[in-house]
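Letter by letter, the chains look like this.
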Amino acid sequence: MKGLIVMDNDHYETISIEDMLMLSAEMERLGRGEIMEAVKAELLSPPARELGLRLEKLRQFMSAFVKELTVTNAQVASAVEQIQDGSVRAEAFADTFSDLKTQSSEVDILLQAMDGRMISAEKVLNEVGQSFQMIERSTGSIKTMVTETSRKLEELGPAILNLTNIIDKIDNIAKRVRLLSFNAAIEAAHATEHGRGFSVVAQEMKILADQSSAGVRSSSQILKMIEGEINKANLWVSQKEKDIQAMLAGIQKETNHNFILLQKLIGSFIIDTRSVREEINDLLKQVTNNFKTWEFANENMLKSSNYLQRISESLNLSLEKIVAPNTGTVNIESQTVKEIIAKLDELSAMDNIMALSPFHHQSLLSEVLERHPSMEAIYSNRADGSFIFSQPPAALANARARLWWQEAIKGCQYRSPVYISAITRHACITIALPILDREGNPCGVLAADLTVD
């Protein structure tokens, strides 16, 4: 038996049994979903090669369809993850909002208490103002007292002058008594025996006149000394009056200035406090209204998430029916994988990588990506799953739900099975390892996607 006879361009050619068996085997393989390997049309004879090429095109179409279906499934799963992550964050936000409402109430109570204290402060200020008025009145009394003292000292001048005039008169009387006693002594000498008694009187008058002159001289010196001291005191009081007046005027001016400033400050603070209280209440009302809208949106988002979850499950079932799991050959050198792991490990030990600096992550990871053609993506994450850097840009907002991140953040190296990249549409594997801090604890994750031929 030669095989199947086919007609091509009015020519009949025979396909051998071996070719038919090979084509049948390839069709059975594709029927089982083993579509990773190409149909080896070059091994077929010319009559059967055209059928083999058509079968390869069918395989390529199925492969492209499966890739797109896989990518769609990955994108749906990613959307579900992000919606669920957003839901978790939303619950945390709801708790935060509840705390905010509680704290807002506490702040409102505090502001009310502050309002009451400010009213008390206004009363105290008024009392302080009254005290300042008393100080001002006391200042006026001090000025009056100093002025009165200066006036009294000035009034002593005429009194001292009158005393000086009286002493001058007494001195003149003493001089006249001395002259009279001198004349009486002369007359007593002329009277001889009869004038002896009168001579004694004249002598006593002279002694009295001399004593009066001495007293006048002593009193005059004392009065001059008193007058000098009064003049000094008057000058001192005048100077001190000026100093005290200047000092009291400065104190009064500074006190009034500070009092006015304090009044303005406390008044402004009271106004600001009341304004803040009103703004907080208005803001809380707005947040409450927005929160209700957000709750409604979150409910719809969760419904969409459940719907997408069902779609993802249906896609997974479809893929399982179409494609056989873990079939075909994976063409990636183990040495290449080792080199990439070694490079990622070297990167993870760098200070700038351990510091989780986005700038240095971008610089260092981009350079590694350029130097390794087998690497189609490289990225890094923090301990909360958020991305530090990703090239190409990550399709996820957070990697917490991904197995590679979960394993790496535990401190383990991870290598994934072959899968279709949602970004490049190529078959690839993911390698991930932890970034350790100085104490050896995982603080982030480094990962890369390697192309599989």
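Look up a bit, the structure's there.
Described below are features of the structure shown in this document. Bear in mind that the values here come from a model prediction, so they are computed numbers and not experimental data.

Procedures and definitions
Residues numbered from 1 in each chain as written. Predicted model: local features only at pLDDT ≥ 70, side-chain atom pairs only at ≥ 80, totals over all residues. Heavy atoms only, no water. Helix = DSSP H or I, 4+ residues; strand = E, 2+ residues; numbered from the N terminus. Buried < 20%, exposed > 50% of the residue type's maximum accessible area, 1.4 Å probe, protein only. Contact = heavy atoms within 4.5 Å. Areas by Shrake-Rupley, 256 points an atom, 1.4 Å probe, with all protein chains shown as cover. Phe/Tyr/Trp six-rings, centres within 6.5 Å; stacked < 30°, edge-to-face > 60°. Pairing = 2+ DSSP bridges. Core = buried A, V, L, I, M, F, W, Y, C linked by side-chain atoms within 4.5 Å.

1. Details of the overall build of the chain
The helix and strand inventory of the chain stands at seven helices and eight strands. Buried positions account for 29% of the 453 residues belonging to the chain. Partitioning the contacts of the chain with sequence separation of at least 6, the portion at a separation of at least 24 is 63%. Per element, the accessible surface of the chain, about 28,900 Å² overall, is 58% carbon and sulfur.

2. Considerations on the packing of aromatic side chains
Summed over the entire model, instances satisfying the criterion amount to two aromatic pairs. Taken together, the aromatic side chains of Tyr 379, Phe 387 and Trp 404 make up a single cluster linked through ring pairs.

3. Notes on the pairing of strand E7 (residues 427–436)
Among the 10 residues in E7, nine count as buried, and that is most of the element. Pairing of strand E5 (residues 414–415) with E7, which is carried by two bridges, proceeds in the antiparallel orientation. In the strand pairing of E7, Arg 415 is matched with Ile 431. Note: strand E6 (residues 419–420) against E7, two bridges, orientation antiparallel. Each bridged residue has a counterpart across the sheet, and for Ile 420 the counterpart in E7 is Ala 427. Of the strand pairs in this sheet, E7 and strand E8 (residues 442–451) are connected by nine bridges, and their pairing is antiparallel. Within E8, the residue paired with Leu 433 across the bridge is Leu 446. Hairpin connection from E7 to E8: five residues lie between these consecutive antiparallel strands, with Gly 440 at a positive phi of about 85°.

4. Concerning the nonpolar core
Counting 24 residues, the largest nonpolar core has Ile 340, Leu 344, Leu 365, Met 375, Ile 378, Leu 446 and Leu 450 as its most contacted members. The element contributing the most residues to this core is E7, with five residues. Within the second largest apolar cluster, 13 residues are counted, among which are Ala 377, Leu 396, Trp 405 and Ala 432.

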